[in-house]
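# A closer look at the structure
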Amino acid sequence: MESSDVELDLQRSVHAVLRELSAQAPALQRNQGMWRWSLHKKVERDPGKSPALVRILLRELEKAEREDTRHVIIPLLHTLMYVLTKATGITEELYQRTYTFCMRLLTLPAPYCTVALDCAIRLKTEKAVPGTLYQRLVIAEQNLRSELYPYQERVFLFVDPELISPSVCSALLLEIEAAQEQQTPEACMCHVVSHSLQAALGEACHTGALQRKLQASPRRALELYFHSVVTAVEQMANEPSPSREGHQQNLEEIYRSLLGPAVASRGRCSGDSLPERPPSIPLPSPHITFHLWTDEEQLWKELVFFLRPQSQLRLSADLEALNLQGLLSDQELARVSMLSTDSGIERDLPSGADELPACSSPDMEHARLQRKGGIKKRVWPPDILMPSSWDGPPGLHRRTGRPSGDGELLPGVSRLHTARVLVLGDDRMLGRLARAYHSLRKRETQTFCLTPRLSLQLYYIPVLTPEKPTSSRHVELGELAAFLGRADPWYDSTINTLCPAIHKLAEMPPSLDTSRTVDPFILDVITYYVRMGTQPIYFQIYSVKIFSDLSQDPAEDIFLTELKVKIQDSKFPKDSSSPRKRGVAEGPGAELLVCYQKALLSHRTRQVTVSLRAAGLVLKTLPASDTEDHTCLNVSMTEVVKSSNLAGRSFSMVTNTFRTAHIQVQSQEQRLLTLLLDKDHRRTFRDVVRFEVVPCPEPCSGAQKSKALWLSSQQPKELERTQAKPKPLRMPINTFSGIVQ
């Protein structure tokens, strides 16, 4: 295919992606999500098309900037960065144009400036040291060991077997396993070496001979080549002013030593009649583990197992005091310092007291649990009173939405691990994820095990039951997915359209022919989402106190999307001490006392108390249409209005709506309430007399309370302000752009 035909074909594909974002045509709505995938597949099958596609995407981005069509900027920018990560042969001029364009976007409001800053940071390194993005991505996702780049990532895919059919679970598991069977560590190391050399040397690299040499090399020799290339790339990338020419010279030496001078020089020979078409170097899909969510503590256990290979490394005394491995009890955690009988004079120390045993010594395990003489105070984390430090310190990744794998919460502890937790299901699954997230945060305040060393990223793919899309049940269980689609059009086009494809995959018979290669569409979209979805949207978690007896302590639970209240037909037992209101005529519903703080535009609090007869309530955390404010409860109350006429008494239903953040509801007569949390019938509470709903605060541990008591004597006024308004707990779900206004 000629150059003009190639560009014309790619141009049509890019325009199809842009038309898909508006999706006025029914044909485009049916094929949403396929155009982007087919565009990337064209470049993957023929890497020589990458420079042409980069030029086309840049032209469309500059056109969108001129015409102020901002809704296409982030999708095009993500598509461009995904191409640049996998491509080779991109000229320095194209890198510079892309970098300059991203810098111009920094003048736009969020989320455009945050996505552009994230891209500009990565492009600055890639422009000087080509191949860095690919190399770092493969090393982290495949958990290849490297001292210069020790970061590790893993994707945890969770499904609830009670919500997802067995056919869907088995189809997803088979597709993941089929793709990862060929992704051995040896194959991934070959890909890294081939891609880095081809990206640096360009046409001078004899890629075919290089791949044949690597595939024929034994494991030990392959590891030597791999570490040599990684060392050369990382050392140059970490230079204050990396040189593209110096990087090319370093990798050319490795290339010559690998193939030999004769073969290496033949790659630059211009006497060949036909130049060799560079073979495709695939980008392996990330390491994905599939989990059926059957245990409430399963998420915590999997994250601990992910960190366990590093648990044998020697940790500093401060880390041991903070119980990073979760081995100490809560009583031992309360010890802030220890008293020593040492005189504090250096000459009184016995000889050799400052010498540590060798790493191979059997006394090493004992020595790492010891402290020197003197009072050793615990080093408190800077945000110990604000457990939101789970997402890392408020540094650069907070502004750019980048994974916080390189932040440090404590001196000497790097967050080298990134856990990408992906859940499939409907709003009920998200309610379960919110409970696990709250439990995780609460446990962290007691053990402080995962936070300093792990970056947690949450992702969501809606998978609803195969009903008619217009059915009320189908819409009801996909409210949060609809909100994410309104907030981020690229998420709506790429992820919200994946549900029919997943059910279609489950209906297909499993293929027994393993020799035939099939493009895994579902896995490719999942991979694209976990790599490019770096902008979180935070959702408020609400806490509910449930009273079945006002004389006893309440039960506590949380919900994320909805709390539905129904009136039971059963009455209070005769010996119940619950309040009753005499003289109330029988009728539908029950007499309720409702107290709430009305949400005003001025953000002032206005307390409202009302007694009325209602047939039910629904508390929703997400607005029905807009995306501007999703931090308040939207309450719909079905009020029973009694009217009298010549025919007798009649009752009519009127729906009242209001917005609040705190609400208390109590039955005033003999009818009890039934609560349903997050639309999940497994989380039903019956025989309820009273309940209270407030924004769930950040969990606070005993260690934090002891620190707060110490601070109260030093800064009482500041502590009063902190305690007056506890920080709410919000769960982040990653999207491509965050909320686009």
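Remember, it's a predicted structure, so these values are computed and weren't measured experimentally.

## A closer look at the overall build of the protein
If you tally the helices and strands in the protein, you get 27 helices and 16 strands. Buried positions account for 51% of the 741 residues belonging to the protein. Counted over contacts in the protein with a minimum sequence separation of 6, partners at least 24 positions apart contribute 77%.

## Concerning helix H20 (residues 427-447)
Count 3.6 residues to each turn of an α-helix, and residues three or four apart come out pointing the same way. Helix length check: H20, at 21 residues, gives a terminal C-alpha distance of 30 Å against a target of 30 Å (1.5 Å per residue), a fit within 8%. Most of H20 is tucked away: 16 of the 21 residues are buried. Backbone geometry just downstream of H20 places Phe448 in the positive-phi region, at approximately 55°.

## Observations regarding the packing of helix H9 (residues 166-180) against helix H24 (residues 498-507)
Geometrically, a packed helix pair is captured by the angle between its two axes and the distance between the axes. Look at H9 against H24: their axes get within 8 Å of each other, and the N-to-C directions meet at 90°. When the interaxial angle is binned, H9 and H24 end up roughly perpendicular. Of H24, the residues touching H9 (which contributes Ser167, Val168, Ala171 and Glu175) are Ile502, His503, Leu505 and Ala506.

## Brief notes about the pairing of strand S6 (residues 542-547)
Most of S6 sits inside the fold, with 5 of its 6 residues counted as buried. Here 6 bridges tie S6 to strand S15 (residues 690-695), and the two strands are oriented antiparallel to one another. Across the sheet, residue Tyr542 finds its bridge partner in S15, namely Pro695.

## Description of the sheet that holds strand S3 (residues 417-425)
Taken in spatial order, the 4 strands make up an open sheet running S2-S1-S3-S4, and their pairing is parallel. In this open sheet, the two strands that pair with only one neighbour each are strand S2 (288-292) and strand S4 (454-462). Across the sheet, the mean angle separating the axes of adjacent strands is 20° when strand polarity is ignored. In this fold H9 packs onto strand S1 (152-159), S2 and S3, with an angle of close to 160° to the strand it touches most, S2.

## Describing the packing of aromatic side chains
Per the counting criterion, the structure on display carries 12 aromatic pairs. When the centroid spacing of 5.0 Å and the interplanar angle of 50° are considered together, the rings of Phe158 and Trp293 count as tilted. Within this pair, whereas Phe158 is found in strand S1, its partner Trp293 is found in the loop between S2 and helix H15 (298-307), the two being separated by 135 residues in sequence. On the basis of relative accessible area, Trp293 is assigned to the buried category, the value being 2%. Lying over the aromatic face of Tyr99, Lys127 brings its terminal NZ or CZ to 5.1 Å of the ring centre. Over the aromatic face of Trp300 sits the side chain of Arg443, whose NZ or CZ is 4.6 Å from the ring centroid.

## Here we look at empty space enclosed by the protein
Under the counting rule described, the total for this entry stands at 5 cavities of 30 Å³ or more. Forming the boundary of the second largest cavity are Arg70, His71, Ile74, Pro75, Tyr112, Asp488, Pro489, Trp490, Ser737 and Val740. Contributing elements (two or more residues each) for the lining of the second largest cavity: helix H5 (73-86) and helix H23 (489-494). Its residues assigned to classes, the lining of the second largest cavity shows 6 nonpolar, 2 polar and 2 charged.

## Topic: the pattern of salt bridges
Scanning the entire structure with this criterion turns up 37 salt bridges. The partner of Glu44 in a salt bridge is Lys86, and the shortest N-O contact between them spans 3.7 Å. Taken together, the residues span a long stretch of sequence, with Glu44 in helix H3 (residues 34-45) and Lys86 in helix H5 at a distance of 42 residues. A salt bridge links Lys620 to Glu479, with the shortest nitrogen-to-oxygen separation between them at 2.9 Å. Pair noted here: Lys620 is in strand S10 (residues 605-620) and Glu479 is in helix H22 (residues 479-487), with a separation of 141 residues, a long-range link. Glu479 gets classed as partly exposed once you look at its relative accessible area, which sits at 22%. Each of Asp160, Glu162, Glu296, Arg432, Asp680 and Arg682 takes part in salt bridges that share partners, so that together they form one network.

## Comments concerning the environment of Pro489
Along the polypeptide, Pro489 turns up in helix H23. A relative accessible area of 32% places Pro489 in the partly exposed class. Here the alpha-carbon distance between Pro489 and Gly738, two residues 249 residues apart in the chain, equals 9.8 Å. For Pro489, the contacting residues outside a window of four places in its chain are Leu21 and Val740.

## Topic: unusual backbone geometry
A cis amide bond links Ala110 with the next residue in sequence, Pro111, at an omega value of 5°. For Pro111, the position within the fold is in the loop between helix H6 (92-105) and helix H7 (112-128). For Asn143, which is not a glycine, the phi torsion comes out positive at approximately 55°. Of note, Asn143 is situated in the loop between helix H8 (132-141) and S1. The backbone of Asp678 sits at a positive phi, close to 50°, despite the residue not being glycine.

## With respect to the packing of H3 against H5
Relative orientation of the contacting elements H3 and H5 amounts to 20°, with a least axis distance of 11 Å. Judged on the interaxial angle alone, H5 and H3 are roughly parallel. Crossing angle aside, the handedness with which H3 passes H5 is right-handed. Contact residues: Leu39, His40 and Glu44 in H3; Thr79, Tyr82, Val83 and Lys86 in H5. Taken together, the residues that form the contact of H3 with H5 break down as 3 nonpolar, 2 polar and 2 charged.

## A look at H6
Helix length check: H6, at 14 residues, gives a terminal C-alpha distance of 20 Å against a target of 20 Å (1.5 Å per residue), a fit within 8%. Residues of H6 that are buried: Leu94, Tyr95, Thr98, Tyr99, Phe101, Cys102 and Leu105. Mapping the buried residues of H6 onto a view down its axis gives an arc of 160°, with all of them on the same face.

## So, the pairing of S3
Of all 9 residues making up S3, 9 are buried, and the element is well covered by its neighbours. Residues His417, Ala419, Val421, Val423 and Gly425 of S3 are buried on one face, and the alternating residues Thr418, Arg420, Leu422 and Leu424, pointing to the opposite face, are buried as well. Assessed by its sense of winding, the connection that carries the chain from S3 through H20 to S4 is right-handed.

## A short note on the environment of Leu172
Relative to the assigned elements, Leu172 resides in helix H9. Residue Leu172 is classed as buried on the basis of its relative accessible area of 4%. Separated by 333 residues in sequence, Leu172 and Leu505 place their C-alpha atoms 8.2 Å apart. The residues contacting Leu172, other than those within four sequence positions of it, are Phe290, Leu424 and Ile522.

## Overview of the confidence of the model for the protein
Taken residue by residue, the protein gives an average pLDDT of 79. The fraction at 70 or more is 72%. In this model, residues 310-340 is a region of pLDDT below 50 whose contacts with residues beyond four sequence positions or in other chains number 63 contacts. In this model, residues 353-407 is a region of pLDDT below 50 whose contacts with residues beyond four sequence positions or in other chains number 124 contacts.

Rules used throughout
Residues numbered from 1 in each chain as written. Predicted model: local features only at pLDDT ≥ 70, side-chain atom pairs only at ≥ 80, totals over all residues. Heavy atoms only, no water. Helix = DSSP H or I, 4+ residues; strand = E, 2+ residues; numbered from the N terminus. Buried < 20%, exposed > 50% of the residue type's maximum accessible area, 1.4 Å probe, protein only. Contact = heavy atoms within 4.5 Å. Expected span 1.5 Å × (residues − 1). Axes fitted to C-alpha atoms, helices over the stretch in contact; angles between N-to-C directions. Parallel < 35°, antiparallel > 145°, perpendicular 65-115°, else oblique. Pairing = 2+ DSSP bridges. Phe/Tyr/Trp six-rings, centres within 6.5 Å; stacked < 30°, edge-to-face > 60°. Lys NZ or Arg CZ within 6 Å of the ring centre and 35° of its normal. 1 Å grid on protein atoms, 1.4 Å probe; cavity = no way out; pocket = protein on both sides within 12 Å on 5 of 7 lines; lining within 4 Å. Points joined across faces, edges and corners; volume = space filled by probe spheres on them. Nonpolar A, V, L, I, M, F, W, Y, C, P; charged D, E, K, R; others polar. Salt bridge = Lys/Arg side-chain N within 4 Å of Asp/Glu carboxyl O. Left-handed = near helix turned anticlockwise from the far one by under 90°. Arc of directions from axis to C-beta. Right-handed = clockwise from strand over helix to strand, strands pointing away. pLDDT = per-residue confidence, 0-100.

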